[in-house]
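Residues per chain are reported as follows:
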Amino acid sequence: MSGESCLHQLQPQTGPIVSVSSVACPKTSTSNKYVQLNVGGNLYYSTLQVLTRQDTLLRSMFSGKKEVLTDKEGWILIDRCGKHFGLILSYLRDGFVILPKSRQGIMELLAEAKYYLIQGLIDLCQEALQDNEERALCVIPFITSPKEEERLIQGCVRPVVKLLYNRGNNKYSYTSNSDDNLLKNIELFEKLSLSYSGRVLFIKDVIGDEICCWSFYGQKRKLAEVCCTSIVYATEKKQIKVEFPEARIYEETLNALLYETLPVPDNSLLEATRRRNNCSSHSEEEEAVELRERVRRIHIKRYSTYDDRPLGH
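Fair warning: this is a prediction, and the values are worked out from it, not measured in the lab. Position labels on residues start from 1 in each chain and follow its written sequence. It should be noted that, the model being predicted, local features are given only for residues of pLDDT at least 70 and side-chain atom pairs only at 80 or more, the latter also being counted only at that level, while totals for whole chains, interfaces and linings use all residues. By convention in this description, side-chain values take in all heavy atoms of the structure and omit both hydrogens and water.

### Observations concerning the pattern of salt bridges
Pairing is possible between side chains of opposite charge, provided their charged atoms come close. What makes a salt bridge here is a side-chain nitrogen of Lys or Arg within 4 Å of a carboxyl oxygen of Asp or Glu, nothing more. Summed over the entire model, instances satisfying the criterion amount to 12 salt bridges. For Arg 199, the salt bridge goes to Glu 260, with nearest N and O atoms at 2.8 Å. One end of the pair, Arg 199, is in the loop between helix 7 (178–196) and strand 9 (201–205); the other, Glu 260, is in the loop between helix 8 (246–257) and helix 9 (267–276), and 61 residues separate them in sequence. The buried label applies to any residue whose accessible area, calculated with a 1.4 Å probe on protein chains only, is under 20% of its type's maximum; exposed applies above 50%, and partly exposed to all values in between. Residue Arg 199 is classed as partly exposed on the basis of its relative accessible area of 36%. A salt bridge links Lys 241 to Glu 243, with the shortest nitrogen-to-oxygen separation between them at 3.1 Å. Each of Glu 149, Lys 162 and Asp 205 takes part in a single network of salt bridges with overlapping partners. Elements are defined by DSSP. Helices are runs of H or I of four residues or more, strands are runs of E of two residues or more, and each kind is numbered from the N terminus.

Structural data, given as structure tokens:
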């Protein structure tokens, strides 16, 4: 029985230092004796057979070579973080373990393996860290032509998110915050690509006609477009303003994930739409049927009269 379900902190009262040989080890079936472990406040149960199976610090602790601390209830105290101790026991018990998914988790487990002198687990963690360094987290293609863009989108079974950014496409000067917002759009693109690289194809476009524009595709067709640029009518001259609609971009990315596995369009939804529109005009019914061919183009404050330049500029 693992104590991972008992994650509450104990208030142990440290008793005298005793060796594990004096902690009520029976004369028969000693290797099958269950030991109560309190590792940094996390409670675990294991047998002496598992704890002494390999030549580790734990074998020294539980074979009487080293002295250990116990509280008045008989819990053996180990002053280490107990977050990954369950994995330590699993490795000692089975000879293998499923490592944490994150690099940080593997590094934390490696630190514990080094403390307990478990060489096999040390090697396993180090190999995993080396593989993560050699393997790219994600690959983002750059579009060099419209034909290449079409080939990437039509040949991909996953949803596609494209960011077009080209600062040189401006006809007018930029507002004071535009450069910062353009960088924020690029940083958000990189953040999303790291989070969803296994589920979404992310591509960059630096040859398009817009300055900053997001496009979202599902089932090989465009679903939505978020244009982040607008024209500001300033007092003296026009300026171009770049927005950072973070919430809208997140929303459209999640909407694109809906097309990850489901067929498009949903036939039952279309059928319900047709029935609802039977009482409407013919043009409205055709509009509902052709809904799948539409692209939602969202322009953020296009042709705005708002000027965000600070006073004196």
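### Remarks on the sheet that holds strand 8 (residues 173–174)
Any two strands are treated as partners once DSSP identifies two or more bridges connecting them. Taken together, the 3 strands give an open sheet; going across it, the order is 8-13-12, and neighbouring strands pair in mixed fashion. In the strand order of this sheet, the two ends are held by strand 8 and strand 12 (229–233), each with one partner. Bridge count for strand 12 against strand 13 (residues 238–242) is 5 bridges, and the pairing is antiparallel. Looking at strand 13, one finds that Thr 229 is bridged to Val 242.

### Regarding unusual backbone geometry
Non-glycine residue Gln 219 carries a positive phi angle of around 50 degrees. Judged by relative accessible area, which is 35%, Gln 219 ranks as partly exposed. Positive phi is not limited to glycine here, since Lys 220 has a value of about 70 degrees. Here Lys 220 shows up in the loop between strand 10 (212–218) and strand 11 (221–227). For Lys 220, a relative accessible area of 41% gives the class partly exposed.

Worth remembering: the numbers are spatial, not functional.
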